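The chain contents come next:
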Amino acid sequence: MNVTVELTGTLVARTGTREARVAVPEDATVADVIEELAAEYGPQVSAGVLDGQRLRSDTVVVRESVDATETLSTGDSLENGDTVRFSLNV
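Residues numbered from 1 in each chain as written. Predicted model: local features only at pLDDT ≥ 70, side-chain atom pairs only at ≥ 80, totals over all residues. Heavy atoms only, no water.

(A) Focus on the pattern of salt bridges. By the definition in use, this model includes 4 salt bridges. Note that Arg 56 is salt-bridged to Asp 58, the shortest N-O span being 2.6 Å. Judged by relative accessible area, which is 28%, Arg 56 ranks as partly exposed. The residue Arg 63 makes a salt bridge to Glu 70 at a minimum N-O spacing of 3.0 Å. Given a relative accessible area of 14%, Arg 63 falls into the buried group. In this structure, a network of salt bridges that share partners links the residues Arg 63, Glu 70 and Asp 82. (Salt bridge = Lys/Arg side-chain N within 4 Å of Asp/Glu carboxyl O. Buried < 20%, exposed > 50% of the residue type's maximum accessible area, 1.4 Å probe, protein only.)

Following this line, the structure appears as structure tokens:
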């Protein structure tokens, strides 16, 4: 499945892009998306958003839909076509 990732703050500098599209397995989580981003853009991506297996305290991942905004953690599942935004509260 495909997930669109919007990047902000220092993640733009770490990746060189504001938006990325990643292919992940059907049962993918936010952690899987981070792993794919790190594989494509380098280990500085995961270092910028993870503290061990958890999101850093300054990192927020949000899935927005027409009727709701949902804050996610690394273990939350994603669906095909989702768009998630990684924001750093620095």
